[in-house]
Amino acid sequence: MPCRQHGLIHPEIDDDSREWWDRLRDERLSVARCSSCGHRFFPPAPTCPSCGREACDLEDVSGRGSVYSWVTVHRALDPVFGDDVPYTVLAVDLDEGPRIFGRLCGNASPEAGQRVLAVIYAVKGQPLVGFGPDPRS
Amino acid sequence: MRRGPTSDRPTYLGQTAITGVGYTDLERASRRSVLSLALAACRRALEDSGIDAAEVDGISTYSLYNDSVAGQAVANGLGIPRLRYALDLNLGGQAPCFAVMHAAMAIASGAASNVLVYRALNGRSGVRIGSTRVSSPSAQYRYPMGLTAYPQYVAMWARRYLIESGRSPDDLAEVVLAQRRYAALNDRAMVRSQMSKDEYLAEPFIVDPFRTPDCTIEVDGACAVLVTSLDRARHMNLRPVIIQGAAWATGQRPGTDIADVLAWPDYTTNCSAALADDLWASCGMGPGDMDLAELYDCFSSVPLMAMEGLGLVDRGEAIDFVRAGETWLDGALPVNTHGGLLCEGYLHGMNTLAEAVLQLQGRGGARQVDGAKTCVVTSGALMDGSALVLSVD
């Protein structure tokens, strides 16, 4: 399922996020996991937002999840995306727990609870996460 | 929502009041500096209160993305001889009730006597929040794919709210139509035309589920209020509006900055729900005691969440409540009597608070709520926010 995106704002990658983006470049979608309390969360951070401890490592996930919410942008509020409208961004609850935003890949209308599968695609060399229908569902 | 510690009624409440208010014109292009706007609104708030700038010893404001001027600059311009209290909050619409709450604490504790609270910005001709690209650690998880601005973040929450309420985007029309009806009675409102449901449905989507009229109108302008002790307020020009209840709150996982909406677990409940228990406990009143409500509404879904979050209506019932006319002047709870930020313009909720003061002082004109004695005001749309319960003396 292609994810057609023209515009791009390059991510401002920092020390807390570099490994996550590096994994994405290797086509691995990951979330953070606290080895102290087991809580999985996204985005990665120096400490666990559940227990506050520092023992957080990235863990690859299946990319499967359910649609929690979405918006369809009709007027680009940043001109970079002027050639993209309309486009849909999903909030997806990954099966492993955390929520993540990603473009809807393909033309189908989203539905609440719809099963989706992550697609890693590149725009101007920058890998990004999108979601298409989960063929298993 | 998981709850932390709660407290008994804070001791500073019930002892302070808002007296006067001041506005500049609200315009698309003010052609004047933000400092000049701030000074004009503050001077008018002082004139309204009937006190001299020399009596002011505290000043408080809030701004986002360097879109305003610091309190010190305004104190300088007003000729305030001795400032003892100044607070510049790096916040947007979550701030106005919190700034007044903080001023009340300062006054009740003796740290200050008379505190001006203002918001000033060239929000249309200058820095436009709705399309400003900001540097923040959270931006890298939404900007690259085109999720770049508040209308889109709030729309993401609105969609989930509509899903869980069993509603469609078209139902947001109820809020717009109701507030347009009030705006027709408000000389200050940027938009004063009433709107039919058909006209609403014909408006283009900015970001589905929000059409153009679901979004506030960015403006140039300023608004200020004066906070003082209840004793002093009783000797000023106008009926004191007593600060009876106040709360600021967020919940667990509020994100790393005010636009970091991703990790908040439940998009159908916002800061209003997080602060409700503290707010009602702080004043010993409840939702049923309110005569009206002025609820922050940068977008049409936000006052719905506030009504439900504060317990003014049951969960999932806010749209029906508005549709039934219960938020109009003769309804069970008039809401956003100035037409809201949707119609009056986006002074980041300072004008929402000022409208509450006007109503409780009986200065609402054609949109006056008869016999209004109590009002709840909210500030904020997303994870963190503040609220006040105000009453007549």
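To start, this report covers the structure provided alongside it. Not measured: the values here are computed from a predicted model.

Describing the overall build of chain B
In terms of regular secondary structure, chain B is built from twelve helices and eleven strands. Whereas a compact globule of 393 residues would reach a radius of gyration of roughly 21 Å, chain B reaches 19 Å, a difference of no more than 12%. With respect to the principal axes defined by its C-alpha atoms, chain B has extents near 55 × 45 × 40 Å. Classification of the 393 residues of chain B by burial places 61% in the buried group. By sequence separation, contacts in chain B at least 24 residues apart represent 79% of the contacts at least 6 residues apart.

A look at the interface of chain A and chain B
Every contact between the two is made by 36 residues of chain A and, on the other side, 32 residues of chain B. Those elements that provide at least two residues to the side of chain A that touches chain B are strand S4 (64-73), strand S5 (87-94), strand S6 (99-104) and strand S8 (126-133) of chain A. Examining the composition of the side of chain A that touches chain B, we find that six residues originate from one element, S4 of chain A, more than from any other. Per-class residue counts for the side of chain A that touches chain B are 19 nonpolar, nine polar and eight charged.

Observations regarding helix H8 (residues 271-283) of chain B
Residues and elements named next belong to chain B. The terminal C-alpha atoms of H8 lie 18 Å apart, and with 13 residues this matches the ideal 18 Å at 1.5 Å per residue to within 8%. Residue Asp277 marks the point of greatest curvature in H8, where the axis turns by about 35°. Remark: Gly284 follows H8 within two positions and exhibits a positive phi of approximately 65°.

Quick word on helix H5 (residues 173-183) of chain B
All names here are of chain B. Across the eleven residues of H5, nine count as buried, placing the element largely inside the fold. Residues of H5 that are buried include every one of Ala173, Glu174, Val175, Val176, Ala178, Gln179, Arg180, Tyr182 and Ala183, and no others. The inward-facing, buried residues of H5 abut helix H6 (197-202), helix H9 (301-309), helix H10 (318-323) and helix H11 (340-343).

Points about the packing of H8 of chain B against H9 of chain B
Residue and element names in this part refer to chain B. At a closest axis distance of 8 Å, the pairing of H8 and H9 adopts a crossing angle of 30°. In this view, H8 runs roughly parallel relative to H9, as classed from their interaxial angle. Like other packed secondary-structure pairs, H8 and H9 cross with a definite hand, here right-handed. Contact residues: Ser272, Ala273 and Ala276 in H8; Met305, Ala306 and Gly309 in H9.

Considering the pairing of strand S4 (residues 115-122) of chain B
All names here are of chain B. The element S4 is extensively covered by neighbouring structure, given that eight of its eight residues are classed as buried. Both faces of S4 are covered, namely the face carrying Val115, Val117, Arg119 and Leu121 and the face carrying Leu116, Tyr118, Ala120 and Asn122. For S4 and strand S7 (residues 220-229), the ladder comprises eight bridges, and the chain directions are antiparallel. The residue bridging Leu121 from the neighbouring strand is Gly221, located in S7.

So, the sheet that holds strand S1 (residues 30-34) of chain A
Ordered in space as S2-S1-S3 (chain A), the three strands form an open sheet in which the pairing is antiparallel. Of all the strands in the sheet, just strand S2 (40-41) and strand S3 (56-60) of chain A have a single pairing partner and so form its edges.

Some thoughts on the nonpolar core
Membership of the largest hydrophobic core comes to 183 residues, with the highest contact counts inside it found for Ala38, Ala41, Cys42, Val100, Tyr118, Val154 and Val225 of chain B. Among residues more than four places away in sequence, those in contact with Ala38 of chain B are Val69, Val74, Tyr118, Ala120 and Ala222 of chain B.

Quick notes on the environment of Ser113 of chain B
Here Ser113 of chain B is to be found in the loop between helix H3 (96-109) and S4. Along the chain, Ser113 of chain B and Thr228 of chain B lie 115 residues apart, while their C-alpha atoms are 6.0 Å from each other.

Thoughts on unusual backbone geometry
Residues and elements named next belong to chain A. Here Phe42 and Pro43 are connected by a cis peptide whose omega angle stands at 0°. Following the sequence through the fold, Pro43 ends up in the loop between S2 and S3. The step from Val85 to Pro86 runs through a cis peptide bond, and the omega angle for that step is -10°. Here Pro86 is to be found in the loop between S4 and S5. You will see that Glu27, though not glycine, has its phi angle at about 60°, which is positive. Mapping Glu27 onto the fold places it in the loop between helix H1 (18-25) and S1.

About the criteria used
- Sequence order sets the numbering: in each chain, residues are counted from 1 along the sequence as written.
- As they are written, the chains are lettered A onward and the ligands numbered 1 onward, keeping that order.
- Confidence filtering applies because this is a predicted model: local features only for residues at pLDDT of at least 70, side-chain atom pairs given and counted only at 80 or more, and all residues used for totals across whole chains, interfaces and linings.
- Numbering of helices and strands runs from the N terminus, with a helix taken as a DSSP run of H or I at least four residues long and a strand as a DSSP run of E at least two residues long.
- For this measure, only C-alpha atoms enter the radius of gyration; the expected value for a globule follows 2.2 Å times N^0.38, where N is the number of residues.
- In this scheme the burial state of a residue depends on its C-beta neighbours within 10 Å: 20 or more other such atoms mean buried, 12 or fewer mean exposed, and anything in between means partly exposed; the C-beta positions come from the backbone.
- Placing a C-beta atom from the backbone of each residue, one calls two residues in contact when those atoms lie within 7 Å.
- We call Asp, Glu, Lys and Arg charged. Ala, Val, Leu, Ile, Met, Phe, Trp, Tyr, Cys and Pro are nonpolar, and the rest, Gly among them, are polar.
- Expected span, for any helix, means 1.5 Å times one less than how many residues it has.
- We define the bend at each residue as the angle formed by axes fitted to the 7 residues ending at it and the 7 residues starting at it.
- The convention used is that axes are lines fitted to C-alpha atoms, helices contributing only their stretch in contact, and that angles between N-to-C directions extend from 0 to 180 degrees.
- By definition in this entry, angles of less than 35 degrees are roughly parallel, angles greater than 145 are roughly antiparallel, angles of 65 to 115 are roughly perpendicular, and the rest are oblique.
- Should the near helix be turned counterclockwise from the far one by less than a right angle, the crossing is left-handed, whereas a clockwise turn marks it as right-handed.
- Only strands joined by at least two bridges in the DSSP assignment are considered to pair.
- For this analysis, nonpolar core means a set of buried Ala, Val, Leu, Ile, Met, Phe, Trp, Tyr and Cys residues linked through C-beta atoms within 7 Å.

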